[in-house]
Amino acid sequence: MLSQNEYLVMAHRQLMTSSLRRFTAEMFQYVHKTPFIFGRHHLLICDALDAVVRGECTKLIINIAPRYGKTELVSKMFPAYGFAVNPKCRFIHLSYSGGLVTDNSIAVKDIIRTPLYEALFSARIQFGRDTRSKWDTTEGGGLYATSTLGQITGFGAGATDTADGEVNEAYLDEYSAVFNPHKFTGAIVIDDPIRPEDALSDTMREAVNRRFETTIRNRVNSRRTPIIIIMQRLHEHDLCGYLEEVEPDDWKVLSIPAIYYDENGNEQALWPHKHSLEELHKIEEVNQFVFDTQYMQNPIPLEGLMYEKFKTYEVLPPDRCIRKNYTDTADTGSDNHCSICYNEYAFGLYVTDVLYNKKSMEVNEVEQANLLDRNDTQVALIEGNSGGRGFARNVERNLRTMGNTKCRVNVFTQSHNKQVRIFTHSADVQNMVYFPAGWERRWPQFYLDLKHYRKEGRNAHDDAPDAVTGLVENITKQNITRYSRT
């Protein structure tokens, strides 16, 4: 029978091992004498790592901006938490910087050696097998820290399996049934595998990607041993981009941009404690590539883009115009419904409103009618492919129900090759289409899908460039004549 003190220790230990967030909050406060300031992103990361411990995810990528607390949480607190759950855990910790992983290794040991940790958990550092980068626990666990391109020999992460494919019980301590019911035995943790300045070098970038395949991937003791990569995106073909390309269905990707949009579509700073919206937009003004890539986790190609620039306007021209709409309905579940309202002048096409989402046709039938009505649209062209005709009929019915009798809804069939159309009319789009100032914040996903569309290679989404191409393809006949003379 447990004494009262033993019972309290057991209860405290169970509380601390219930989640990484709980462990981090208490242990960080104890070590640093100040609370850990949790942001929205820290909670998302904790949830993802808790899923790793539960065995629900074995390949995890976390993309987040630099200096947002990722190293403290993932490379220090998470391994310490792992040894609290199971002192027989075996971790490999990697980064582009040997100095960084050595510092992290020492930080994990310092946590394990605190009086609070020793009072609650059974993990102890083994005397005589304790260096800055490689050390063992008295229970048979350990941690090995080195650079991404450094030597990794004689050490594997996680537990080996038994002959029947189960976790080897030798890698589980006596308390596992209570504190480690999911049989977590360690992981490979990769924190920033390549330095930012090296990511633009094809040679250095590919060296890291090859290193992952030839060495790092093979250092797991079991296929169930998790591999966790946390980094800011640095290039389309950095390690994260490479793995998402070769194993798109194997990796869970938690991408956390520094600016997100709330349920009302308003911009929010991810962690105001670090950067306000104003500060983030200043970073954007200074270097768009760094902002998009490292802060928004959306690496843009440095070459091969379809569109070099887009024209903008502050105020709509007072000249006579036709108020039109072009709608490309979603062909598949992964496509976006893209509907663009614009004013057609003899000298250009001025976009006034955009509906761009993955909502169901039933929802968009209502939103589309509202879009056309509030923009006083005179002519709406709706693609009739893949259910588009039924969609157009329902939109027209909704308009008439609203009392709008002025908007004429026309259905058309698009049979020409999409990629050829987009390429052929790319110059027309850049010359003739004007977007309202600030459109990148008003319709962020639409903006990104246009801006990042490439001339060659695989494009994740082509709905935005396809619809914008439709604008210039459907310039009114007399305006085409005027345009050709300018």
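Above this text sits the structure in question.
All values reported here derive from a predicted model rather than from experimental measurement.

What counts and what doesn't
Position numbers for residues count from 1 along each chain, tracking the sequence in the order it is written. Reporting of local features is limited, given that this is a predicted model, to residues whose pLDDT is at least 70; pairs of side-chain atoms are given and counted only at 80 or more, and all residues count toward the totals for whole chains, interfaces and linings. Just so you know, side-chain values use all the structure's heavy atoms and leave hydrogens and water out. Think of it this way: DSSP has to see at least two bridges between two strands before they count as a pair. The secondary structure listing takes helices from DSSP runs of H or I that are at least 4 residues long and strands from runs of E that are at least 2 residues long, numbered from the N terminus. With axes taken as lines fitted to C-alpha atoms, and helix axes fitted only over the stretch in contact, angles between N-to-C directions fall between 0 and 180 degrees. Working definition: with a 1.4 Å probe on protein chains only, accessible area under 20% of the residue-type maximum means buried, over 50% means exposed, and in between means partly exposed. For this analysis, residues touch if any pair of their heavy atoms sits within 4.5 Å. Two rings belonging to Phe, Tyr or Trp (six-membered ring only in the last case) form a pair when the distance between their centres is within 6.5 Å. Interplanar angles under 30 degrees mark stacking, angles over 60 mark edge-to-face geometry, and anything in between is tilted. Placement of a charge over a ring requires the Lys NZ or Arg CZ to be within 6 Å of the ring centre, with the centre-to-atom vector within 35 degrees of the ring normal. The cut-offs work like this: below 35 degrees is roughly parallel, past 145 is roughly antiparallel, 65 to 115 is roughly perpendicular, and the gaps in between are oblique. In this classification, the charged set is Asp, Glu, Lys and Arg, the nonpolar set is Ala, Val, Leu, Ile, Met, Phe, Trp, Tyr, Cys and Pro, and all remaining amino acids, among them Gly, are polar.

Novice: Talk me through the sheet that holds strand β11 (residues 311-313); I want residue IDs and the actual numbers.
Specialist: One open sheet accounts for seven strands, arranged β11-β17-β14-β13-β12-β15-β16; its pairing is mixed. The sheet is open, and its two edges are formed by β11 and β16 (408-412), each paired on a single side. Across the sheet, the mean angle from the axis of one strand to that of its neighbour is 30°, orientation sign disregarded. Relative to strand β14 (residues 348-357), strand β13 (residues 337-345) runs antiparallel, the two sharing nine bridges. Of the residues in β14, the one forming a bridge with Glu344 is Leu349.

Novice: Now, about helix α9 (residues 239-246): what can you tell me, with residues and values included?
Specialist: Within α9, the full set of buried residues consists of Leu239, Cys240, Gly241 and Leu243. Of the surrounding elements, those touching the buried residues of α9 are β1 (59-64), α8 (202-216) and β7 (227-231).

Novice: Got a sec to walk through the environment of Asn266? Specific residues and values, please.
Specialist: With respect to the helices and strands, Asn266 occurs in the loop between β9 (259-261) and β10 (267-269). As a C-alpha pair, Asn266 and Arg442 span 176 residues in sequence and 8.7 Å in three-dimensional space. Not counting residues within four places of it along the chain, the set of residues in contact with Asn266 comprises Tyr260 and Tyr261.

Novice: A description of the packing of aromatic side chains should follow, citing residues and the corresponding values.
Specialist: Taken as a whole and assessed by the stated rule, the structure comprises 31 aromatic pairs. Centroid distance Trp439 to Tyr447: 5.0 Å. Interplanar angle 85°. Geometry classified as edge-to-face. Accessibility assignment for this pair places Trp439 and Tyr447 in one class, buried. By the ring-pair criterion, three or more aromatic residues cluster together here, those being Tyr307, Phe310, Tyr356, Phe435, Trp439, Trp443, Phe446 and Tyr447. Note that Lys33 overlies the ring of Tyr30, its terminal NZ or CZ placed 4.8 Å from the centroid. Positioned above the aromatic ring of Tyr260, the side-chain terminus of Arg40 is 4.0 Å from the ring centre.

Novice: Just give me the short version of the packing of helix α2 (residues 20-32) against helix α4 (residues 70-85), but keep the residues and values in it.
Specialist: It is at 10 Å that the axes of α2 and α4 come closest, and there the two elements cross at 105°. One finds that α2 runs roughly perpendicular with respect to α4. Touching Leu20, Phe23, Thr24, Met27, Phe28 and His32 of α2 are Glu72, Leu73, Met77, Phe78, Ala80, Tyr81 and Ala84, all from α4. In terms of residue class, the contact of α2 with α4 is made up of ten nonpolar, two polar and one charged.

Novice: Outline the environment of Ile194, supporting the account with residue identities and numerical values.
Specialist: Mapping Ile194 onto the fold places it in the loop between β6 (188-191) and α8. Residue Ile194 is classed as buried on the basis of its relative accessible area, which comes to 5%. Placed 47 residues apart in sequence, Ile194 and Ser147 show a C-alpha to C-alpha distance of 9.6 Å. Each residue touching Ile194, except ones within four places of it in the same chain, is listed here: Tyr96, Ala199, Met204, Arg205, Val208 and Leu234.

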